[in-house]
Each structure stands twice: as C-alpha cells, then as structure tokens.
Amino acid sequence: MSREWPLWEIFIRSQNGLNHRHVGSLHAPDAETAINNARDVYTRRKEGVSIWVVPSKEITASAPSEKGPLFDPAEDKVYRHPTFYDIPDDVGHM
Amino acid sequence: MYAQMVKSEGSSGEQTPEEKGFQARIDAGDKIEPKEWMPEGYRKTLIRQISQHAHSEIVGQLPEGNWITRAPTLERKQILLAKVQDEAGHGLYLYSAAETLGISRDEMLEQLHSGKAKYSSIFNYPTLTWADMGAIGWLVDGAAIMNQVPLQRTSYGPYSRAMIRICKEESFHQRQGYHIMMKMARGTDAQREMAQDALNRFWYPALMMFGPSDANSVHSEQSMAWKIKINTNDELRQRFVNETVPQAEFLGLEVPDPDLAWNEEKGGYDFTQPDWDEFFEVLKGNGPCNKERLGTRVQAWEEGAWFRDGLTAYADKAAKRREAAATAAE
Ligand SMILES: [Fe+2]
Ligand SMILES: [Fe+2]
Ligand SMILES: [Fe+2]
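Residues numbered from 1 in each chain as written. Chains lettered and ligands numbered in written order. Predicted model: local features only at pLDDT ≥ 70, side-chain atom pairs only at ≥ 80, totals over all residues. Heavy atoms only, no water.

Colleague: Which residues make up the overall build of chain B, and what values go with them?
Modeller: Looking only at helices and strands, chain B features 13 helices and two strands. At 22 Å, chain B has a C-alpha radius of gyration in line with the 20 Å of a compact globule built from 330 residues. By the burial criterion, 52% of the 330 residues in chain B qualify as buried. Accessible surface for chain B amounts to roughly 15500 Å². Of this, 54% is attributable to carbon and sulfur atoms. (Helix = DSSP H or I, 4+ residues; strand = E, 2+ residues; numbered from the N terminus. Rg over C-alpha atoms; globule rule 2.2 N^0.38 Å. Buried < 20%, exposed > 50% of the residue type's maximum accessible area, 1.4 Å probe, protein only. Areas by Shrake-Rupley, 256 points an atom, 1.4 Å probe, with all protein chains shown as cover.)

Structure below.
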C-alpha cells in the first residue's frame, strides 16, 4: 500500500501586525503542497495574509505531566503584577 | 446526527481515581487536550464519533456534486462549488481532530471504504432535481447546524475548535439552500411542484438525521456525561421541527405530515416520527444510494492512488536533491 502523506501543522497570520496562530493540521507530500493545501483548507474566506507550515514530527511539546513543575512556580509570584503594589492616589496615574 | 448512533464505551463498574478526576475536570468546564490522560472509552468513542462526522462531510459532497455541472446559472454553479468545497474542508478539519487521538487518516479512510465505519443515512438518498439542492441546504445543513452548534462546547479541545470553524461556515449553506427554495416556490407552477416534491422526499430523511430516540439509552448518558453529546436526539429533532415548519409556511409549501400540529402546552409541534425501519435498513447499507455513494468514494480513492504516489515520489526526490546539495556545500 502507498505511504501516507506526512502531517503538517498550519499557522496563519490573519493580518499584518498579528502573530501567526496555529489553526490546525493537514496532510501533504511536501512543504510547497502543504502551503497550497493550507490556502484551500484554512483561508477560503480571506482568513490569512501569510502561512507557515511545519512538519508535525518536528514539533517538540511539553508533556502534560510536566504541567505542574513547569507552570506552578509562576503561581506564587504575585509581585510580578502591577496590582501587587499599593500606590497612593495622590501620586497620580502610574 | 452527522454521527448517528455512536456507541459509547463507558467503563463498567467503579470509577478509578483517575476517571473521577477526569470527570471532575469535564464537570468544571475544563477542555481536554491531546496527549492528556483520558479514559480509553472516551478516546475510542470520540474517534468513532468524529470520524463518522468526517465521513459524513466527505460523502455528503456526492449528492450535491451530482448537480454542479447542471446548475441553472453560472452564479448558482459557483455557489454550489463553494459549498461543496466547504464540506471537503469540514471533513479535513474533523479528520485532523480525530488524528490527535491516535488514529491516522488513512486508517479512518480504510474503515470508511471497507464499510466498517458509518456516515449519516441522509446521504444515501438520491438528488433527482435542482430543487433537491435547495432542500438539502435548507433541511440537511439546517439539521446539521442544530446538532453542531451545541457541540462547539464539547469537552475535547480539537473537536470543539473544529466545530466552531464549521459552524461559522454552515450558515451560508443553509441560507443558499433556502434561497433556492424561495426562488422555486415563487416560480412557475412546475418549479413550485419541484420544490414541494423535494420537501416531500427530504422531510423524513432529515428527521432521521438526529437518530432514533435515545431518551433512555445508556450510551448517550455516558456521552452526555463526557460532554461529547450535549442534547438528546429527541430534543434536537423537536427544535428542528419547531424552527423549520414556519420556514416551510413562509415558502407556501406543505410539510408532508398530516398530523403536524402546534401543541400549545409543550410549546412545540407534534409531528409524525420517520419510519425507523427504513432508517435501520439505510444504515445497514440498503438505502437507495448506499452502493453508489461508497462505490464512488472507493473509485476516487483508488484512481487517485497514482497521483498521491507520484507526489510522494517527487517529494522524496526533491528531499534527496536538497540533501546532496547541502553535503556538497560543506
Ligand atoms: Fe459541513
Ligand atoms: Fe456537518
Ligand atoms: Fe454544510
């Protein structure tokens, strides 16, 4: 049987000034075809001005089990937020 | 509904601590994302449901594809082409959502082509006249919307995102269908008759799209707890009838149900159930077009093999050439 086309992750910039955003994935034999297919699958209604395609197998993802060790440390650092600091109204806007 | 009668694979007996934690997350409205822990039954049921939905989008192109070359105007032809292309897109969104659960698209296609996987019964009915394009957009996409709107809130992230994308596009499908019906219903006597005939033929098959009553089904209870099913089949069917009957009245067409009547008490219409024996026959493969639909799918897949393989060979060759060039440059 034929080999299945590899999977690509598709990122689209909806307009200049915004980041490319992950919109989904699709199968294609190579990068060029992946871009053409992404045009047809994800931008039929002018949803984009630029497309990135990345082979899915090249993406390294953090493991769901690492969620705690990775993100919990940020939890007790309220002093990173401006609202942590009480500044008298008399000071004016800051 | 595009996924009718999906068997749910609940675990039997006591919930493990992991399962309890999982259910608590769903109850709290948390979304489940790929690779996170999930009960095997949740994963399997979702694969079955999402792939069934994807197959429906893909096979659903065929009854309408039948009329692309015969659309009455160039504009109608462009519209129908765009709609059918959307359905192909819907199929692809859903296949890739299912792939995040650990099944490949080729495996799913294999299940479709071998007849192991199901698709919605509605696409096994023939499209005999141009008015059928109107009836399908209006009723079939209308029924699909009824089911898909609540599914935007489903618990599985990739499925929910696919549903959101699809729902954005479905409204055009329904409106272009209703627009065709309006034109026909206000046209010549012959056109009006065609519109009425299309409604007559598609009304009950559209009601079947929601699947048989599942009010007391264990499967749907499990799926509802997992939030991969949001409403019962009967709820959605009732909603569809309530919404559609006034639309038919506006067209001056008659819903082919002599017992259709507004029920003040329940705030909805009483209506005749479709013939469920017919539904089960169609699901079993004995509908008017099952063989033709599946045959067309398989033929397209097989006859496209040389092309897919050719592109793969070209990609391999180009990759090798790039490799050689990189080595030479070192
Ligand atoms: Fe669709
Ligand atoms: Fe759909
Ligand atoms: Fe549609």
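Colleague: Any chance you could break down the packing of helix α2 (residues 40-59) of chain B against helix α4 (residues 74-99) of chain B for me, citing the residues and the numbers?
Modeller: Residues and elements named next belong to chain B. One can describe the packing of α2 onto α4 by two numbers: an axis separation of 8 Å at closest approach and a directional angle of 160°. Considered as vectors, α2 and α4 are oriented roughly antiparallel to each other. Crossing of α2 against α4: the hand is left-handed. Contact with α2, carried on its side by I50, H53, A54, H55, E57 and I58, involves E87, A88, H90, G91, L94, Y95, A97 and A98 of α4 and no other residues of that element. (Axes fitted to C-alpha atoms, helices over the stretch in contact; angles between N-to-C directions. Parallel < 35°, antiparallel > 145°, perpendicular 65-115°, else oblique. Left-handed = near helix turned anticlockwise from the far one by under 90°. Contact = heavy atoms within 4.5 Å.)

Colleague: I'd love a proper account of the coordination of the iron ion (ligand 1), names of residues and values included.
Modeller: All names here are of chain B. Ligation of the iron ion (ligand 1) by protein atoms is provided by E57 (OE), E87 (OE), H90 (ND1) and E170 (OE), these donors lying 2.1 to 2.4 Å from the ion. For the iron ion (ligand 1), the four donor atoms in the first shell make angles of 81 to 148° at the metal, so the coordination geometry reads as irregular. In the primary structure, the donors to the iron ion (ligand 1) are separated according to the pattern E-x29-E-x2-H-x79-E. Taken as an interatomic distance, the gap from the iron ion (ligand 1) to the iron ion (ligand 2) is 3.4 Å; E57 donates to each of them. In this pair, E57 sits in helix α2 while H90 sits in helix α4, placing the two residues 33 residues apart along the sequence. The residues E57 and H90 share a single accessibility class, namely buried. (Donors = N, O, S within 2.8 Å, 3.2 Å for Na, K, Ca; no water. Tetrahedral: all angles 85-135°; square planar, octahedral: opposite > 155°, others 65-115°.)

Colleague: Describe empty space enclosed by the protein, with residues and values.
Modeller: Summary: where empty space remains is shown by rolling a probe the size of a single water molecule over the atoms. All names here are of chain B. Under the defined criterion, the tally for this structure stands at one cavity of 30 Å³ or more. When its volume is computed, the largest cavity comes out at roughly 40 Å³. Along the walls of the largest cavity sit Y2, S56, E57, G60, E64, K83, E87, F123, I136, V140 and D141, which together make up its complete lining. With three residues, helix α6 (residues 131-151) is the largest single contributor of residues to the lining of the largest cavity. Considered class by class, the residues forming the lining of the largest cavity number four nonpolar, two polar and five charged. (1 Å grid on protein atoms, 1.4 Å probe; cavity = no way out; pocket = protein on both sides within 12 Å on 5 of 7 lines; lining within 4 Å. Points joined across faces, edges and corners; volume = space filled by probe spheres on them. Nonpolar A, V, L, I, M, F, W, Y, C, P; charged D, E, K, R; others polar.)

Colleague: Let's hear about the sheet that holds strand β2 (residues 20-27) of chain A: which residues, and what values?
Modeller: Residues and elements named next belong to chain A. Taking strand neighbours across the sheet as the criterion, the three strands line up as β2-β1-β3 in an open arrangement whose pairing is antiparallel. The outermost strands of the open sheet, each flanked by one partner alone, are β2 and β3 (50-55). Taken over all neighbouring pairs, the strand axes of this sheet differ in orientation by 25° on average, direction set aside. Relative to β2, strand β1 (residues 7-13) runs antiparallel, the two sharing seven bridges. Note that in β2 the partner of I12 across the bridge is R21. In the packing of helix α1 (residues 31-42) onto the sheet, the strands contacted are β1, β2 and β3, and the crossing angle to β2 comes to about 105°. (Pairing = 2+ DSSP bridges.)

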